[in-house]
Amino acid sequence: MIEVHFHHNLRVTDNSVLSEAMAQDQVVAIAQQPTIMTAQDVFRYQQLRRLHRELAALGVPLVLKEQVIKDKPTLLHDVATVVTKQGTPYKVFTPFYKACLKRNVRSVVAKPMQQEAPFTTDFPQLALPQWAQKISAYWPQDVQEVLANFTPQRYAAKRDFPSEQAISYLSPYLAVGAISPVQLHATFSEYESFIRQLIWRDFAHYTLAQYPLMASEPLREHFNHFPYQRDEQLQVLWQQGKTGYPLVDAGMRELYATGYMHNRVRMVCASFFTKHLLQPWQDGVKYFSEQLVDYDLANNAVNWQWVAGCGIDASPYFRIFNPITQRTKFKAEAYIKKWLPADYNVLPIVDHKAARARALAAYDMIKGEN
Ligand SMILES: Cc1cc2nc3c(=O)[nH]c(=O)nc-3n(C[C@H](O)[C@H](O)[C@H](O)COP(=O)(O)OP(=O)(O)OC[C@H]3O[C@@H](n4cnc5c(N)ncnc54)[C@H](O)[C@@H]3O)c2cc1C
């Protein structure tokens, strides 16, 4: 009898560990006992129920345990072997991306056949609190439903426009491995700008392997001395979508209601938090880790460091997103209308110009240490 542990790959197709184990012997699947603390816990529980059903159809029982051996998330490429001509890891995305494009992506591993002498187990029904029921109901259990709504032809031109819904909304499913990037590549390989984002995901995991403490330590060390001014009241206003900047507030309310936020708006909200409010980016990492259904240690940390300016391939510090012009540039009116109540009337908690100047002055204090 072989035990196969499921954590980052909650699927039966394109799962080589499961397929190889079932080719050898009877298999028992093991997953972590669900607990509901974060938004992703809710999504994971929903996806485990689906996995339990799919495994049952293969005659494989799913046993829940307190501890599991965590499998690695599946990436598009075998990134460990992607290195520069000098044999060192890439530090910057674009050359890493180009190196990945030169590589072949492996084929999808077929779903295994039902095992002999099949048996199944029951799956516990948890009584979800109301907030969790809402998040669970928002996300289809079957990733095929999400795929059916995605129009990749619109992606490249519209992906930055939050009102357009031109993105795939697949991140929660990728985060728990309900679908693999290899499966997505098999379907969408001709859509380069979409594949590029999957390679950003590869890059984030590649960077995490080099810097395991990336969620708490800045990759540019001088940022350890950045004069952040932690203020819990300001953080709560940001979390509740009460900053007085409609794009930021709409994004934070989308996050609270659904466990998701559009990427363009994530950048604006994260920039506002670290730069306009001078809050430590690590506090933002933590809040997102609790609220995102697609929470992914590597993606979250790389993106927060990118926005905060302390990542290796980060945007320059002076690139401070303007939440007012981003709203018009990316035509966010319909998005804002969707997520803010009709009687929304919140005064800005900081003045944009003054906050920008304060952030730049704060950066000046550490700039010389670079
Ligand atoms: C501050 C901040 C925090 C973030 N935290 C997370 C996180 O915890 N988990 C997470 O999956 N993404 C995170 N992202 C990246 C990005 O916002 C989401 O992956 C994207 O919004 C998911 O929506 P989608 O599936 O429709 O993306 P699509 O645009 O359809 O992209 C397809 C897939 O590519 C990957 N991808 C897209 N953009 C990025 C990116 N910038 N970096 C890495 N991979 C990317 C994701 O797996 C995504 O599902 C964060 C971004 C920011 C700015």
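Values in this document were obtained by computation on a predicted structure and should not be read as measured data.

Rules of the game
Residues numbered from 1 in each chain as written. Predicted model: local features only at pLDDT ≥ 70, side-chain atom pairs only at ≥ 80, totals over all residues. Heavy atoms only, no water. Buried < 20%, exposed > 50% of the residue type's maximum accessible area, 1.4 Å probe, protein only. Helix = DSSP H or I, 4+ residues; strand = E, 2+ residues; numbered from the N terminus. Pairing = 2+ DSSP bridges. Right-handed = clockwise from strand over helix to strand, strands pointing away. Near = heavy atom within 4 Å. Polar contact = N/O pair within 3.5 Å; in protein donor to acceptor, adjacent residues only side chain to side chain. Areas by Shrake-Rupley, 256 points an atom, 1.4 Å probe, with all protein chains shown as cover. UniProt positions renumbered as here; feature names shortened; annotations may be inferred. Contact = heavy atoms within 4.5 Å. Domains from an automatic or database assignment. Buried area = accessible area lost by both parts, 1.4 Å probe. Salt bridge = Lys/Arg side-chain N within 4 Å of Asp/Glu carboxyl O. Axes fitted to C-alpha atoms, helices over the stretch in contact; angles between N-to-C directions. Arc of directions from axis to C-beta.

Examining the pairing of strand β3 (residues 62-65)
Then comes step 1: What you see with β3 is a clean split: Leu-62 and Leu-64 sit on the buried side and Val-63 and Lys-65 on the side with no burial.
Then comes step 2: In the sheet, strand β2 (residues 27-32) pairs with β3 via four bridges, with the strands oriented parallel. If you follow Ile-30 over to β3, its bridge partner there is Val-63.
Then comes step 3: In this region the chain leaves β2, passes through helix α2 (residues 39-57) and returns to the parallel neighbour β3; the handedness of that crossover is right-handed.

As for the site of the ligand
Then comes step 1: Residues in close proximity to the ligand total 27 residues, the closest being Tyr-155, Ser-168, Tyr-169, Tyr-260 and Asn-263.
Then comes step 2: Asn-263 has a polar side-chain atom sitting 2.7 Å from an oxygen atom of the ligand.
Then comes step 3: In the model, a nitrogen atom of the ligand is placed 2.8 Å from a nitrogen or oxygen of the Asp-294 main chain.
Then comes step 4: Coverage of the ligand by the protein chains reaches 97% of its 820 Å² of free accessible surface.
Then comes step 5: For the shell around the ligand, the leading source of residues is helix α9 (residues 192-210), giving five residues.

Observations regarding the UniProt feature "binding site: FAD" (unreviewed entry) in the chain
Then comes step 1: In the UniProt entry, the feature "binding site: FAD" (unreviewed entry) is given for Tyr-155, Phe-194, Asp-294, Tyr-295 and Asp-296.
Then comes step 2: Position of Tyr-295 among the secondary structure elements: in the loop between α13 (281-291) and α14 (297-308).
Then comes step 3: The exposure class assigned to Tyr-295 is partly exposed, which follows from its relative accessible area of 22%.
Then comes step 4: Here Tyr-295 is in contact with Gln-40, Ala-175, Phe-288, Ser-289 and Asn-300, once residues within four sequence places are set aside.

So, the side chain of Ser-168
Then comes step 1: With respect to the helices and strands, Ser-168 occurs in the loop between α6 (152-158) and α7 (171-176).
Then comes step 2: Those residues in contact with Ser-168 that lie beyond four places of it in its chain are Val-146, Phe-150 and Phe-194.

Section: the domain arrangement of the chain
Then comes step 1: With domains assigned, the chain is organised as domain 1 (1-71), domain 2 (73-106 + 144-210) and domain 3 (221-365).
Then comes step 2: Inter-centroid distance (C-alpha atoms) of domain 1 to domain 2 is 24 Å.
Then comes step 3: Taken together, the two surfaces of domain 1 and domain 2 that pack against each other cover about 1,000 Å², and 50% of this comes from carbon and sulfur.
Then comes step 4: Interface area lost by domain 1 to domain 2 is led by Arg-11, Asp-14 and Phe-43, which between them contribute 49%.
Then comes step 5: Where domain 1 packs against domain 2, one counts one salt bridge.
Then comes step 6: For Asp-14, the salt bridge is made with Arg-106, and the minimal N-O distance between the two is 2.7 Å.

What to know about the sheet that holds strand β1 (residues 2-6)
Think of a sheet as strands paired side by side through backbone hydrogen bonds, with each pair either parallel or antiparallel.
Then comes step 1: If you trace the three strands from one edge of the open sheet to the other, you get β1-β2-β3, paired in parallel fashion. Each edge of the open sheet is held by one strand with a lone partner, namely β1 and β3. Ignoring strand direction, the axes of neighbouring strands in this sheet form an average angle of 35°.
Then comes step 2: Bridge count for β1 against β2 is five bridges, and the pairing is parallel. Pairing of Glu-3 across the sheet is with Val-28, part of β2.
Then comes step 3: Seen against the sheet, helix α1 (residues 16-24) touches β1 and β2 and runs at an angle of roughly 170° to β1.

A short note on helix α4 (residues 130-138)
Then comes step 1: Restricting attention to buried positions, one finds in α4 the residues Ala-132, Ile-135 and Ser-136. End-on, the buried residues of α4 take up no more than an arc of 100°, which puts them together on one face. Summarising the geometry of α4, the exposed residues directed more than 90 degrees from the buried face are Gln-130, Lys-134 and Ala-137.
Then comes step 2: Against the buried residues of α4 lie α2 and α11 (246-258).

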